[in-house]
Amino acid sequence: MRSRIGAIDLARGIALVAMAGFHLLWDLSFYGLIDIGVGFSPFWIAVQRSILTAFLLLAGTGLVLAHGDGIRWRSFWRRWLMIVASAAAVTAGTWYLLPGYVAYFGVLHAIALFSLLALPLIRAPLWLVTAIAAIVLGAAFYANPLFNTRALSWIGFFTEVPPTTDLVPVFPWFGVLLIGVVLARLAPLRNALTPLATWKLTSPPARLLRLCGRWSLVFYLVHQPLLLGIVIPLSGMQAHNATARTAEFTQSCIATCGATGAEAPYCTAYCQCALDISSRDDLWAAIAASPRSETEQRSVDQMSRLCTAMAEARMP
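Residues numbered from 1 in each chain as written. Predicted model: local features only at pLDDT ≥ 70, side-chain atom pairs only at ≥ 80, totals over all residues. Heavy atoms only, no water.

In this section: unusual backbone geometry. Here the bond from F171 into P172 is cis, since omega is 15°, no more than 30 degrees from zero. Topologically, P172 is positioned in helix α7 (residues 170–185). Positive phi, normally seen in glycine, also occurs at D282, with a value near 50°. For D282, the position within the fold is in the loop between α11 (264–281) and α12 (284–288). Classification of D282 by relative accessible area gives exposed; the value is 58%. (Helix = DSSP H or I, 4+ residues; strand = E, 2+ residues; numbered from the N terminus. Buried < 20%, exposed > 50% of the residue type's maximum accessible area, 1.4 Å probe, protein only.)

Set out below in structure tokens:
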């Protein structure tokens, strides 16, 4: 039984926490609670890929640490079946919660396949593993619309990403895992791993991160349901508050308009216009402000003029 290297568990735990943080932001963005471009802006795409790179490098390193001196078949298949079962659970969960964005080949699916592909290379000549990694990484620049379908997108040559919450295609990401294999097999790194095994890392944060890294599959499976258990109710509360705000605004607007002696059709048209513009331009704070700043008053006056002209144009 090989002893675990605490530093590796710590690194895996840090990657897991970073992933959970990214997923929290993604969930908040998906349900409309924040708008920071998660999943779309270059910055957040870079963050996502950096976290994924860390995971796959650690997966490649872990394969070498566990089987570099000889493949422990019993241990490998037990771990592999756990990963496959976890990947299937992720697919089933996303199909149930987000049927339009099923994770059909996410990070767990990829690690399961990549582990099988990399296993024969753990003890292959280092130059061969390096060459294959370079070929996989380089081939990822090829793209063809033929691979845009879900059935082929897992290979990685797509020009448009199919709708999914997670996609980790073979090209280029298998090459990243192989880099982890290469790094773990380099003599300087192997020598460095020996003293790392003696690190105690007993501070509370380090112990917690090591625990997360040791139980990485459990952490991965549990974190999203927990996050969604927080985000979805918050989204429902926001939707309820938005509905209540809309009803209150419309009722108050029509009452105020009617008090001026305007006809009901005019007030209905005016207030619908005011509601649309307030929602579109997020004027709620300006409308509620008392007193209003010069900028807020200008925004409200502009909205009022536009809606007055529109309502008058609709009158017979």
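The discussion continues.
Looking now at the packing of aromatic side chains. Each aromatic ring pair is described using two quantities: the centre-to-centre distance and the angle formed by the ring planes. Applying the stated criterion across every chain yields a total of 14 aromatic pairs. Each ring, one from F76 and one from W77, has its centre 5.1 Å from the other, and the planes form 75°; the classification is edge-to-face. Judged by relative accessible area, F76 falls into the buried class, the value being 4%. Relative accessible area serves as the criterion here: at 37%, W77 is assigned to the partly exposed category. Aromatic side chains F105 and W154 sit 5.8 Å apart centroid to centroid with 50° between the ring planes, which places their arrangement in the tilted category. Of this pair, F105 sits in the loop between α3 (73–97) and α4 (107–118) while W154 sits in the loop between α6 (150–153) and α7, placing them 49 residues apart in sequence. Aromatic ring contacts, followed pair by pair, group W73, F76, W77 and W80 into a single cluster. (Phe/Tyr/Trp six-rings, centres within 6.5 Å; stacked < 30°, edge-to-face > 60°.)

We now examine the packing of helix α5 (residues 126–139) against α7. Where α5 contacts α7, the axes come no closer than 7 Å and their chain directions differ by 155°. Classified by the angle between their axes, α5 and α7 sit roughly antiparallel to one another. Where α5 crosses over α7, the two elements pack in a sense that is left-handed. When α5 is examined against α7, the residues L126, V129, T130, I132, A133, V136, L137 and A139 are found in contact with a partner set consisting of V170, F171, P172, F174, G175, V176, L178, I179, V181, V182 and R185. For the contact of α5 with α7, the per-class residue count stands at 16 nonpolar, two polar and one charged. (Axes fitted to C-alpha atoms, helices over the stretch in contact; angles between N-to-C directions. Parallel < 35°, antiparallel > 145°, perpendicular 65-115°, else oblique. Left-handed = near helix turned anticlockwise from the far one by under 90°. Contact = heavy atoms within 4.5 Å. Nonpolar A, V, L, I, M, F, W, Y, C, P; charged D, E, K, R; others polar.)

Turning next to the state of the cysteines. Think of a disulfide as a covalent bridge from one cysteine sulfur atom to another cysteine sulfur atom. Inspection of the entire model under this criterion finds three disulfides. Between the sulfur atoms of C253 and its disulfide partner C271 the distance amounts to 2.1 Å. Between C253 and C271, the S-S dihedral sits near -90°, and the bridge is therefore left-handed. Of this pair, C253 sits in helix α10 (residues 216–259) while C271 is found in helix α11, placing the two residues 18 residues apart along the sequence. (Disulfide = S-S within 2.5 Å.)

On to the pattern of salt bridges. Applying the stated rule across the entire model yields three salt bridges. We note a salt bridge from R12 to D9, for which the minimum N-O separation is 3.0 Å. Residue R12 and its partner D9 are both found in helix α1 (residues 6–30); the two are separated by three residues, about one turn of the helix. Just as R12 is buried, D9 falls in that class too. Two residues, E294 and R298, come together in a salt bridge whose shortest N-O distance is 3.2 Å. Here E294 pairs with R298, and both are found in helix α13 (residues 294–314), just four residues apart, close to one helical turn. On the basis of relative accessible area, E294 is assigned to the exposed category, the value being 62%. A relative accessible area of 46% places R298 in the partly exposed class. (Salt bridge = Lys/Arg side-chain N within 4 Å of Asp/Glu carboxyl O.)

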